[in-house]
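Residue-level structure breakdown
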Number of protein chains: 2
Amino acid sequence: MNELMLSHVKEAAERIESLVHKTPVFTSESINEISGAEIFFKCENFQKSGSFKMRGAANAILSLSKKEREKGVATHSSGNHAQAVARAAQSVGTNAYIVMPNTAPGVKKRGVLSYGARITMCQPTQKAREETLKEVVAETGAAFIHPYDDYRVIAGQGTSALEFLNEVKDLDVIMAPVGGGGMISGTAIVTNALSPHTKIIACEPEGADDAYRSLQKGKIVPPPENPKTIADGLLTSLGDKTFAIIQQYVDEILTVSDEEIIEAMRLTWERMKIIIEPSCAVPLAALLKHKERFEGKRIGIIITGGNVDLKKLPFT
Amino acid sequence: MNELMLSHVKEAAERIESLVHKTPVFTSESINEISGAEIFFKCENFQKSGSFKMRGAANAILSLSKKEREKGVATHSSGNHAQAVARAAQSVGTNAYIVMPNTAPGVKKRGVLSYGARITMCQPTQKAREETLKEVVAETGAAFIHPYDDYRVIAGQGTSALEFLNEVKDLDVIMAPVGGGGMISGTAIVTNALSPHTKIIACEPEGADDAYRSLQKGKIVPPPENPKTIADGLLTSLGDKTFAIIQQYVDEILTVSDEEIIEAMRLTWERMKIIIEPSCAVPLAALLKHKERFEGKRIGIIITGGNVDLKKLPFT
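The following refers to the structure shown.

Thresholds, definitions, all that
- Residues numbered from 1 in each chain as written.
- Chains lettered and ligands numbered in written order.
- Predicted model: local features only at pLDDT ≥ 70, side-chain atom pairs only at ≥ 80, totals over all residues.
- Heavy atoms only, no water.
- Axes fitted to C-alpha atoms, helices over the stretch in contact; angles between N-to-C directions.
- Helix = DSSP H or I, 4+ residues; strand = E, 2+ residues; numbered from the N terminus.
- Parallel < 35°, antiparallel > 145°, perpendicular 65-115°, else oblique.
- Contact = heavy atoms within 4.5 Å.
- Nonpolar A, V, L, I, M, F, W, Y, C, P; charged D, E, K, R; others polar.
- Least-squares fit on C-alpha atoms with pLDDT ≥ 70 in both.
- Buried < 20%, exposed > 50% of the residue type's maximum accessible area, 1.4 Å probe, protein only.
- Polar contact = N/O pair within 3.5 Å; in protein donor to acceptor, adjacent residues only side chain to side chain.
- Phe/Tyr/Trp six-rings, centres within 6.5 Å; stacked < 30°, edge-to-face > 60°.

Quick word on the packing of helix 1 (residues 6-16) of chain B against helix 8 (residues 151-167) of chain B
Residues and elements named next belong to chain B.
- It is the contact of helix 1 with helix 8, at a shortest axis distance of 8 Å, that shows an interaxial angle of 90°. Classed by the angle they form, the pair helix 1 and helix 8 counts as roughly perpendicular. For the pair formed by helix 1 and helix 8, the contact residues are Leu6, His8, Val9, Lys10, Ala12, Ala13 and Ile16 on the first element and Ala155, Gly156, Gly158, Thr159 and Leu162 on the second.
- For the contact of helix 1 with helix 8, a count of residues per class yields seven nonpolar, four polar and one charged.

Below, the structure is given as structure tokens:
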């Protein structure tokens, strides 16, 4: 049982319309040939701020009361959610306060600063992040925008699948990566309502397979302390809300190795000429690993983001 | 005076329709902000075979008589034209014979082979290429498809500008790189006919600025013997046909340094999340170099291709 429904996603889509791009759906003859499946890629790497996170951040911020919004918004993140909150806040003319670990790469800090947000640095531990955020919120009165365990955020992320399923009919399977679970939860709510025969598959790196293990055990298993995977967007733990939705709607979680991820990423770059993050290559890697299962089927894959450090690419 | 007209390009567009993609036009808010111009990017990097060369190759091959076509087609090229001829030939069910210098990178050879073409290797000199091609043609009876100095090829390349100008109206300027001149010639024919007020600017790397010098001198100046530029798609000399069209219609040639090319390439990868070759970054580099001239204007840029070796990227 959960409280989020298709109608919330539809409301979110209307709410955020002016702040986000309707992203294109790409296909690739050569990847279809290699995989034996007919694949449709929903390209959130072309989304504002470079990832789908803009959708959830925009919906959460636009759902605040005028009074709340005036005090600004805050979050802790070293990745795409930070840039999305900063950009969405800038778009509606309020302040964003971002807590980032002092180990965050320069390119991500520059991204956040370029959207006019204020960065507070902290030690790179979950505890330090949360405490620093608490201080920032206490000082500023800003509203905390959780990266995924928030129905407004999940509904926002679901707007991508809403566009996708309205454009591409009769998918046999829809696939998305799972980290904290915001994207796959929103996708699951929409897919279950609009296209109940479509299988919903979440995909995860073997080096941080806590969602897979959580689903097996029936309770949230935290990720390993020092997760080892190139898919740096998928390291976080599930939340209570996302886990409940995943338990209810997600048919299966497939895991892949880093080698498989890099190979799928290379294939996407070389054949489709689009830049995707390692985390986004996880679903295609899972599809190629289990080719025989997907042969002849119509598969939808959500490409979640394209923010990579061009100085640190895995191609050798 | 030249014999190629808009009507030939329109005929080419109909002829090749089933063999090519209608490529999308992308825009980028952040690159608009950086440049101060409103830029439209026609994305031939998403074209079949990974570059616009598919258009010219397809038109040339489909213009052959049935009897000619049966004997196959041949060309010498180490780059995108080779892949395009191979793929177009495969699409119409005929053989392609490609002469490649033995220095051609493995990734390009694999591309050509993947389309079922036969490769004949030769020494990496213009003379060896031409002589080897002559032998191949003598043995097989295949029709030679010149990479640019052929009206069927130029008309094919022009179909990109035809799509572009039909989709985006009132461009103040249209820009494309110039190597052998096939793309800029086709673009110029179409732009002059459909949108005569649009300025036509060709862009070239400083390290191989033979088109610039040719236009200055009023006669074809060959490129330097060992051209030094990262824009490896723009090293060839103009041909008689392309030079005549360029003299008649191109308003100006702008040149840029390799540093400027790499910076524009990085900007395109980072902000637009699309993979483009160094050669394709030349027009954006020229625009950014002369920002003040293009401020507030509507600029069309043809992104010519996306075939890069991911192991040899210039980002440091």
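Observations concerning the relation of the copies chain B and chain A
- Superposition record for chain B on chain A: RMSD 0.0 Å, screw rotation 180°, translation along axis 0.0 Å. Read as a symmetry element, the transformation amounts to a two-fold axis. When each C-alpha of chain B is compared by its distance to the rotation axis, Ile274 of chain B comes out closest, at 2.2 Å.
- A shared interface surface links the copies, since 100% of the contact residues of chain B are contact residues in chain A too.

Things to note about helix 3 (residues 53-62) of chain A
- The element helix 3 of chain A is largely enclosed, with a buried count of 10 among its 10 residues.
- All of the buried residues along helix 3 of chain A are Lys53, Met54, Arg55, Gly56, Ala57, Ala58, Asn59, Ala60, Ile61 and Leu62 of chain A.

Observations regarding unusual backbone geometry
- Despite not being glycine, Ser49 of chain A has its phi angle at roughly 70°, a positive value.
- Of note, Ser49 of chain A is situated in the loop between strand 2 (38-43) and helix 3.

As for the side chain of Gln157 of chain A
Residues and elements named next belong to chain A.
- With respect to the helices and strands, the residue Gln157 is situated in helix 8 (residues 151-167).
- One polar contact links the side chain of Gln157 to the main-chain amide nitrogen of Gly56, over a distance of 2.8 Å.
- Gln157 has contacts with Phe52, Lys53, Arg55, Gly56, Pro147, Gly182 and Met183, leaving out every residue within four places of it along the chain.

Description of the packing of aromatic side chains
- Across all of its chains, the model carries eight aromatic pairs over all chains by this definition.
- Measuring from centroid to centroid gives 5.8 Å for Trp269 of chain A and Trp269 of chain B, while their planes differ by 65°, and the two rings are edge-to-face. Of this pair, Trp269 of chain A sits in helix 12 (residues 258-272) while Trp269 of chain B sits in helix 12 (residues 258-272), each in a different chain. The residues Trp269 of chain A and Trp269 of chain B share a single accessibility class, namely buried.

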